[in-house]
Amino acid sequence: MTKLKFTKMHGLGNDFMVIDGINQKFNPSTAPIAAWAQRHTGVGFDQLLLIEAPRQAEADFRYRIFNADGSEVEQCGNGARCFARFVYDKGLSSKKQIVVETAGGVIMPRLNDDGLVTVDMGVPLLAPEQIPFAAIDEEDARSISHQLVIGNETVSVTCINMGNPHAVIVVEDIEQAPVHRLGAAIENHKQFPQRVNVGFMQIVASRRIRLRVFERGVGETQACGTGACAAVVAGISLGLLGDDEPVEVNLPGGQLLISWQQQPDAHVWMTGPTQSVFDGEIDYL
Ligand SMILES: N[C@H](CCC[C@H](N)C(=O)O)C(=O)O
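The name given to the protein in an unreviewed UniProt entry is Diaminopimelate epimerase, with the source organism recorded as Snodgrassella alvi. Quoted verbatim from the Function (unreviewed entry) heading of the UniProt record, the comment on the protein is "Catalyzes the stereoinversion of LL-2,6-diaminopimelate (L,L-DAP) to meso-diaminopimelate (meso-DAP), a precursor of L-lysine and an essential component of the bacterial peptidoglycan."

Enquirer: Explain the packing of aromatic side chains to me, please; I cannot follow it from the model alone.
Expert: Centre-to-centre distance and the angle between the planes together describe a pair of aromatic rings. Under the criterion given, the structure shown has 7 aromatic pairs. Relative to Tyr284, the ring of Phe26 has its centre 5.2 Å away and its plane inclined at 55 degrees; by these criteria the two rings are tilted. With Phe26 in the loop between β2 (14-20) and α1 (30-37) and Tyr284 in strand β18 (residues 275-284), this pair connects stretches of sequence that are 258 residues apart. A centroid spacing of 5.1 Å and a plane angle of 45 degrees characterise the contact between Phe133 and Phe192, whose relative ring orientation is tilted. Residue Phe133 is found in the loop between β8 (117-120) and α3 (138-142), and its partner Phe192 is found in the loop between α4 (179-187) and β12 (197-205); the two are separated by 59 residues along the sequence. For the pair Phe133 and Phe192, one class covers both residues: buried.

Enquirer: Looking at this structure, how should I read the UniProt feature "binding site: substrate" (unreviewed entry) in the protein?
Expert: Here the UniProt feature "binding site: substrate" (unreviewed entry) sits at Asn14, Gln47, Asn67, Gly77, Asn78, Asn164, Asn197, Glu215, Arg216, Gly225 and Thr226. Every residue in contact with Asn14, bar those within four places of it in the chain, is listed here: Met9, Asp46, Gln47, Cys76, Asn78, Glu215, Thr221, Gln222, Ala223 and Cys224. A polar contact of 2.9 Å, which involves the side chain of Asn14, links it to the side chain of Asp46. By the secondary structure assignment, Thr226 is in helix α5 (residues 225-237). Engagement of the side chain of Thr226 in a polar contact is seen with the side chain of His166, the distance being 2.9 Å.

What counts as what
Residues numbered from 1 in each chain as written. Predicted model: local features only at pLDDT ≥ 70, side-chain atom pairs only at ≥ 80, totals over all residues. Heavy atoms only, no water. UniProt positions renumbered as here; feature names shortened; annotations may be inferred. Phe/Tyr/Trp six-rings, centres within 6.5 Å; stacked < 30°, edge-to-face > 60°. Helix = DSSP H or I, 4+ residues; strand = E, 2+ residues; numbered from the N terminus. Buried < 20%, exposed > 50% of the residue type's maximum accessible area, 1.4 Å probe, protein only. Contact = heavy atoms within 4.5 Å. Polar contact = N/O pair within 3.5 Å; in protein donor to acceptor, adjacent residues only side chain to side chain.

This is the structure:
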């Protein structure tokens with residue numbers, strides 16, 4: 001039995017167990033991660049973030065993400081900001097801007113002088129096969145919105161891949177939105193072969209939204225960085241938001257600023273805070 005060191009961090013209440021996998025040996029597996037995620041009997045977190053040495057020459061680090069259910073996933077936006085803060089504060093890097101390889105592509109977080117972190121989250125993907133989403137026919141595959149049948153109701157979703165899959169629903173009032181019932185049903189809908197994160201977006205103004213996200217492998221979280229990026233891309237693509245200024249995304253845990261211009265290969269930029277809570281260690285076989 002050895003001791004595994006970790007740092008508990010969060011981005012707007014989306015919380016993480018962050019592990020330096022460079023200076024300590026950690027082979028991630030589903031069972032211990034799911035057990036540590038438990039809020040009454042474990043450490044308690046939405047995701048576990050693992051720092052590893054890069055595989056690509058141009059990258060500074062490899063960043064692996066595991067949901068509370070133990071599933072390894074491609075991207076985590078709030079986690080990317082905490083990742084950059086962690087590697088700088090722990091002396092793993094002296095750079096304020098780093099190149100990070102993830103299963104969902106390369107991202108570049110930057111520590112700003114005001115304490116916030118800005119991340120180039122890469123290019124959003126909208127084609128059904130890139131989500132992945134199983135369109136019902138050619139016409140559906142060409143549409144920006146898709147009609148999902150959930151029991152006896154039909155829900156219109158816009159799908160965006162930010163490295164990980166998102167389905168965005170426009171609602172009148174996020175307080176009244178059936179986030180848990182519809183979120184769970186859509187997360188596991190047969191047209192999403194890798195499941196999906198589900199965002200409920202209320203348009204407040206052309207540069208302001210309110211958002212709640214039912215995350216794949218977790219449930220509703222206080223905030224979702226890739227969900228905020230996906231919602232803004234969906235809102236602009238649907239013509240509901242302007243793309244000439246950053247969009248203010250108000251989540252239950254706080255606010256992110258998201259920028260994207262509706263042009264080919266345009267990158268999505270996310271700016272927001274990070275917070276370290278405590279350092280800990282846990283017995284590890
Ligand atoms: N639940 C997500 C991963 C974490 C995303 C979220 N915490 C963020 O800040 O982007 C998924 O299964 O793709």
